[in-house]
Amino acid sequence: MFCSIVPPYLLRRLAAQREPQLSEAARAARQALLHVNSFQASRTVPSPAAPPGMRQRRPGPPERTIYDARSSEQLPGSPVRKEGNAPTGDPAVDEAYEGLGDTHRLYADAFGRDSVDGLGLPLDATVHYGQRYDNAFWDGRQLVFGDGDGQVFGRFTKSLSVIGHELAHGLTQYSAALAYRNQAGALNESMSDVFGALVEQYAKQQPTAEASWLIGEGLFTDQVQGTALRSMKAPGTAYDDDVLGKDPQPDSMDSYVRTSADNGGVHINSGIPNRAFCLVSLALGGNAWDAPARIWYETLTGGALRPNATFTAFARATAATAKELFGTDSGEHDAVRSAWETVKVKL
């Protein structure tokens, strides 16, 4: 399983640039795109979910190890910081270490879950992967972060939502095992955006109304006209740049993108369920890691979702979860139904 944060359509735009001032960024994008393409087939195969009744145990402390690839593509690299060690002074190492801890803390505190598999899976990450590598990814076992090209992208550990996003692919892998194609793949990507945003908000103790709802905020350099890779609150508005183009995400089924690229648009159409979660959170107020997160988490891990779930199947499952947790006449149930209606997903 290989799941990366930067969509291939964005890398293709950058790789096609011929301006001399962007030559390094274009080369880095071509390298990252080749890497994504080489793993694309394996991403379509769902990973086995954890057996029912084996998903959870009482949360313990995290077990983190950060490795340094030293600009190679050999994984995992040399260990440079282990659980309990002091900061190293290397921003990428220390950001990865703290981000893994923040993600583990959200899962433990909000859901009573011990790591991504519910059974205390050690959390490993490799930094300084490749030369100016323009991506971050989950390979089914660990997280991997590039340093970026320095012209368009900075280092990928800089954004906590990116760390939370990639580790959440592990959460999906060990629960619903959503296939990485078409609407199921867009749900897979959306779940990672949801939990990436939740990790960031929980770490900052940031109420729903104050959150940015941006995924990958801070990744772009000052040369890019954009704030992040994606906006959950307003899909399609994260960037509008002469080089990268305009953010293509739709905000409802009215503009759903039918394509064979990007495994059926998994990074594009994820904007629709992303916005639904944001709408639920804004309607309920307070903290998104409370009722909204619990509804989405229980739906993902409860065993009812099939690997090829559609948007409609997921919407109905979240409504059923809200009804089970809070009741038919609850504000939570009403908020879930209203959100899916707003993004034009039929219940």
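Here the structure is shown first, and the text comes after it.
Summary of the structure given here.

Thresholds applied
- Residues numbered from 1 in each chain as written.
- Predicted model: local features only at pLDDT ≥ 70, side-chain atom pairs only at ≥ 80, totals over all residues.
- Heavy atoms only, no water.
- Phe/Tyr/Trp six-rings, centres within 6.5 Å; stacked < 30°, edge-to-face > 60°.
- Helix = DSSP H or I, 4+ residues; strand = E, 2+ residues; numbered from the N terminus.
- Buried < 20%, exposed > 50% of the residue type's maximum accessible area, 1.4 Å probe, protein only.
- Lys NZ or Arg CZ within 6 Å of the ring centre and 35° of its normal.
- Expected span 1.5 Å × (residues − 1).
- Contact = heavy atoms within 4.5 Å.
- Core = buried A, V, L, I, M, F, W, Y, C linked by side-chain atoms within 4.5 Å.

1. Observations concerning the packing of aromatic side chains
- Within the structure shown, the criterion is met by 18 aromatic pairs.
- Measuring from ring centre to ring centre gives 5.5 Å for Phe153 and Phe220, while their planes differ by 35°; the resulting arrangement is tilted. Here Phe153, found in the loop between strand S6 (143-145) and helix H4 (160-173), pairs with Phe220, found in the loop between strand S7 (214-215) and strand S8 (230-231); they are 67 residues apart in sequence, far enough to count as distant.
- Judged by its relative accessible area of 10%, Phe220 is buried.
- With a centroid separation of 6.0 Å and an interplanar angle of 80°, the aromatic rings of Phe220 and Tyr239 are classed as edge-to-face. On the criterion of sequence distance, the pair formed by Phe220 in the loop between S7 and S8 and Tyr239 in the loop between S8 and strand S9 (240-241) is long-range, its members being 19 residues apart.
- We classify Tyr239 as buried; its relative accessible area is 2%.
- Among the aromatic residues, ring-to-ring pairing joins Trp213, Phe277, Trp296, Phe314 and Trp340 into one connected group.
- Its guanidinium or amino end placed over the ring of Tyr97, Arg81 lies 3.6 Å from that ring's centre, counting from NZ or CZ.

2. As for helix H9 (residues 311-326)
- The terminal C-alpha atoms of H9 lie 22 Å apart, and with 16 residues this matches the ideal 22 Å at 1.5 Å per residue to within 8%.
- Close packing links the buried residues of H9 with helix H5 (182-204), helix H7 (271-284), helix H8 (291-301) and helix H10 (331-342).
- Phi turns positive, to about 100°, at Gly327, one or two residues after H9.

3. Digging into the nonpolar core
- With 95 residues, the main nonpolar core has Phe145, Phe153, Phe195 and Trp296 as its most contacted residues.
- Per-element tally for this core: the top contributor is H5, with 9 residues.
- Each residue touching Phe145, except ones within four places of it in the same chain, is listed here: Ala96, Ala125, Thr126, Val127, His128, Tyr129, Asn135, Ala136, Phe156, Thr157, Val162 and Ile163.

4. Structural notes on the environment of Leu282
- Relative to the assigned elements, Leu282 resides in helix H7.
- Between the C-alpha atom of Leu282 and that of Leu171, which follows or precedes it by 111 residues, the distance is 24 Å.
- What Leu282 contacts, discounting residues up to four positions off in sequence, is Thr208, Trp213 and Lys233.

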